[in-house]
Amino acid sequence: MSSFETGLKAAAEQIRRAQADKRLRPSIAGFFDEATNTISYVVHDPKSGEAAIIDSVLDYEAASGRTSNGSADRIAEYVTSNNLKVMWLIETHAHADHISAAPYLQEKLGGKLAIGREIIRVQDVFGKLFNAGTDFERDGSQFDKLFDDGETFTVGELEGIALHVPGHTPADMAFIIGDAAFVGDTIFMPDFGTARADFPGGDARQLFQSIRRLLSLPGETRLFLCHDYKAPGRDDYAWETTVRQQREGNVHVRDGTTEDEFVAMRTARDKTLPMPNLIMPSVQVNIRGGRLPEPEANGVSYIKIPVNAV
């Protein structure tokens, strides 16, 4: 059995154990940031109080270049008011639409900052784009932990496993804790579809394969999404669905959709999409683990905007 199949089998078995025993299921709180349409999560073990924070958001005002911590402070308040102990600050990938607040939250709450091992590839691509120089390490050392496909971890007494799901970017990971899968930017609510695959290193065919990998998990697996944009005709934001709901109703990748059909649709659709508003600051900071570029001689950090390079 290949390592790819081994990790998927282990994830499915973990989910079934959690579905059979509610003590193995996490408590989950979602925090919606309307400015970036991002959902951050605090996932904790009710018995021990140990927790993971997934895909946190640092507020950033593009016109002024100012950062603030309102979104992150909501998460910190929830953690402290519930007497939780943060063990992990997890990034599903290097986000192109918001800056991570993980370093800020780590300083306040502790925990290890983690991402998938393929962040090294993303650092290499964008390190060149932003001409980051030799001082910028392209080895993932800005993070405390680089997860491999199929690698296990724990949150208190809860089981966790990481699955590599590239396509949106080379580094995308899904993190499964108990019976809940945090799938990042792979798939959206069934009425909205799937993530784009046209960023550097993205691949629509790979994205299809990653999504089908996730959708081979047990039907009642809970999927928690990183974004929601309210599909036409839907009035409320939503970010929780199931494998079964996606297989039956996802407008881009439901059962019966072929890989070639998906690639043709995704490629055509991506050509119509503008770049995310915050892609330049977000990627530039997130490849550094959510830290701003080193201050220059005047003590100020600067975000570069490459002109006519993308």
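As a starting point, this report considers the structure included with it. Residue numbering note: each chain is counted from 1, following its sequence as written. Given that the model is predicted, a residue must reach a pLDDT of at least 70 before its local features are reported, and side-chain atom pairs must reach 80 or more before they are shown or counted; all residues, however, enter totals for whole chains, interfaces and linings. Derived side-chain values reflect all non-hydrogen atoms in the structure, with water molecules and hydrogen atoms excluded from consideration.

**With respect to the overall build of the protein chain**
We apply this condition: The way it works is that DSSP assigns letters per residue, a run of H or I at least four long becomes a helix, a run of E at least two long becomes a strand, and they are numbered from the N terminus. Relative accessibility decides the category of a residue: with a 1.4 Å probe and only protein chains considered, values under 20% of the type maximum give buried, values over 50% give exposed, and everything between is partly exposed. The contact criterion used is simple: two residues touch if any of their non-hydrogen atoms lie within 4.5 Å. Surface accessibility follows the Shrake-Rupley procedure with a 1.4 Å probe radius. Residue values consider only the protein chains on display as shielding. Only four residue types enter the charge count, namely Lys and Arg as positive and Asp and Glu as negative; His and the chain termini do not. Taken as the charge centre is NZ of Lys, CZ of Arg, CG of Asp or CD of Glu, depending on the residue.
Secondary structure summary: the protein chain contains eight helices and 14 strands in total. If you line up the protein chain on its principal axes, its C-alpha atoms span 60 × 50 × 45 Å. Looking at the protein chain as a whole, 52% of its 310 residues qualify as buried. Nonlocal contacts in the protein chain, meaning residues at least 24 apart in sequence, comprise 66% of its contacts between residues at least 6 apart. Counting only carbon and sulfur atoms, one obtains 48% of the accessible surface of the protein chain, whose full area is about 13,800 Å². Distance between charge centroids for the protein chain: 3 Å, based on 33 positive and 45 negative side chains.

**Here we look at a negative patch on the surface**
Stated formally: For patches, a residue must show more than 30% relative accessible area and have no salt bridge; joins then use 9 Å for like charges and 5 Å for nonpolar side chains, namely Val, Leu, Ile, Met, Phe, Trp and Tyr. Here, a salt bridge means any Lys or Arg side-chain nitrogen found within 4 Å of an Asp or Glu carboxyl oxygen.
On the surface, Asp135, Glu137, Asp139 and Glu294 cluster together to form a negatively charged patch. Looking at Asp135, the relative accessible area reads 72%, which means it is exposed.

**Comments concerning helix 2 (residues 70-81)**
An α-helix turns once every 3.6 residues. As a result, residues three or four positions apart point the same way. The cut-off we apply is this: Expected span of a helix: the number of residues minus one, times 1.5 Å.
Taking 1.5 Å of rise per residue, the twelve residues of helix 2 would be expected to cover 16 Å, and the 16 Å separating its terminal C-alpha atoms lies within 8% of that figure. Buried residues along helix 2 sit against strand 1 (27-33), strand 2 (38-44), strand 3 (50-54), strand 4 (59-61), strand 6 (85-90) and helix 3 (102-109). Where helix 2 terminates, the next one or two residues include Asn83, which has phi positive at roughly 55 degrees.

**Some details on the sheet that holds strand 7 (residues 112-116)**
To keep things clear, this is the line we draw: The pairing criterion is simple: DSSP has to find at least two bridges between the two strands. Between the N-to-C directions of two axes lies an angle of 0 to 180 degrees, each axis being a line fitted to C-alpha atoms and, for a helix, fitted only over the stretch in contact.
Across the sheet, six strands lie side by side as 1-2-3-6-7-8; this open sheet has mixed pairing. Here the strands that pair on one side only, and so sit at the sheet edges, are strand 1 and strand 8 (145-147). Between one strand axis and the next, the sheet turns by 25 degrees as a mean value, whatever way the strands run. Two strands pair when backbone bridges link them, and strand 7 and strand 8 are joined in this way by three bridges, in the parallel orientation. Counterpart to Ala114 in the pairing with strand 8 is Lys145. Of the strands in this sheet, strand 1, strand 2, strand 3 and strand 6 touch helix 2, which is tilted by about 160 degrees from strand 1. Sheet contacts for helix 3: strand 3, strand 6 and strand 7; angle to strand 6, the most-contacted strand, approximately 165 degrees.

**Description of the side chain of Thr169**
The criterion, for reference: The term polar contact refers here to a pair of N or O atoms within 3.5 Å; inside protein, the definition further demands a hydrogen-donor-capable atom paired with an acceptor-capable atom, and it admits residues adjacent in sequence only when both atoms are side-chain atoms.
The residue Thr169 is located in the loop between strand 10 (158-164) and strand 11 (173-177) in this model. Take Thr169: its relative accessible area is 8%, and that puts it in the buried class. Engagement of the side chain of Thr169 in a polar contact is seen with the side chain of Asp172, the distance being 2.4 Å. In this view, Thr169 contacts His93 and Gly201; residues no more than four positions away in its chain are not counted.

**Digging into the side chain of His44**
Positionally, His44 belongs in strand 2. The exposure class of His44 is buried, given its relative accessible area of 9%. Not counting chain neighbours up to four residues away, the residues in contact with His44 comprise Pro26, Ser27, Glu50, Ala51, Tyr78, Leu84 and Leu158.

**Description of the packing of aromatic side chains**
Put simply, the test is: Pairing of aromatic rings covers Phe, Tyr and Trp, the last through its six-membered ring, and needs centres within 6.5 Å; plane angles under 30 degrees mean stacked, over 60 mean edge-to-face, and all others mean tilted. Charge-over-ring contacts are defined here by two conditions on Lys NZ or Arg CZ: a distance within 6 Å of the ring centre and an angle within 35 degrees of the ring normal.
Tallied over the full model, the rule gives 16 aromatic pairs. Arranged with centres 5.7 Å apart and planes meeting at 80 degrees, the rings of Phe188 and Tyr229 form a pair that is edge-to-face. One end of the pair, Phe188, is in the loop between strand 12 (180-182) and helix 5 (204-214); the other, Tyr229, is in the loop between strand 13 (222-224) and strand 14 (240-242), and 41 residues separate them in sequence. Among the residues examined, Phe188 registers a relative accessible area of 8% and is labelled buried. The class of Tyr229 is partly exposed, set by a relative accessible area of 31%. These aromatic residues form a ring-pair network of at least three members: Trp88, Phe147, Phe153 and Phe175. Above the face of the Phe147 ring, Lys145 is positioned so that its terminal group lies 5.4 Å from the ring centre. Over the ring of Phe136 we find Arg288; its NZ or CZ atom is 5.0 Å from the centre of that ring.

**Focus on the environment of Ala18**
Relative to the elements of secondary structure, Ala18 occurs in helix 1 (residues 3-20). For the pair Ala18 and Gly178, spaced 160 residues apart in sequence, the C-alpha to C-alpha distance is 5.3 Å. For Ala18, the residues in contact, after removing those within four places along its chain, are Leu24, Arg25, Gly178 and Asp179.

**Section: the nonpolar core**
Applied cut-off: We call a set of buried residues a nonpolar core when its members are Ala, Val, Leu, Ile, Met, Phe, Trp, Tyr or Cys and they connect through side-chain atoms within 4.5 Å of each other.
Val42, Ile53, Val79 and Leu105 are the most contacted members of the largest nonpolar core, which totals 36 residues. If you list the elements that add at least two residues to this core, you get strand 1, strand 3, helix 2, strand 6, helix 3, strand 7, helix 4 (119-129) and helix 8 (279-286). Aside from chain neighbours lying at most four places away, what touches Ile53 is Tyr41, Val42, Ile75, Val79, Val86, Trp88, Leu89, Ile90, Leu105 and Leu109. Counting residues in each nonpolar core, the second largest holds 27 residues, with Ala174, Ile187, Phe208 and Leu225 among its members.

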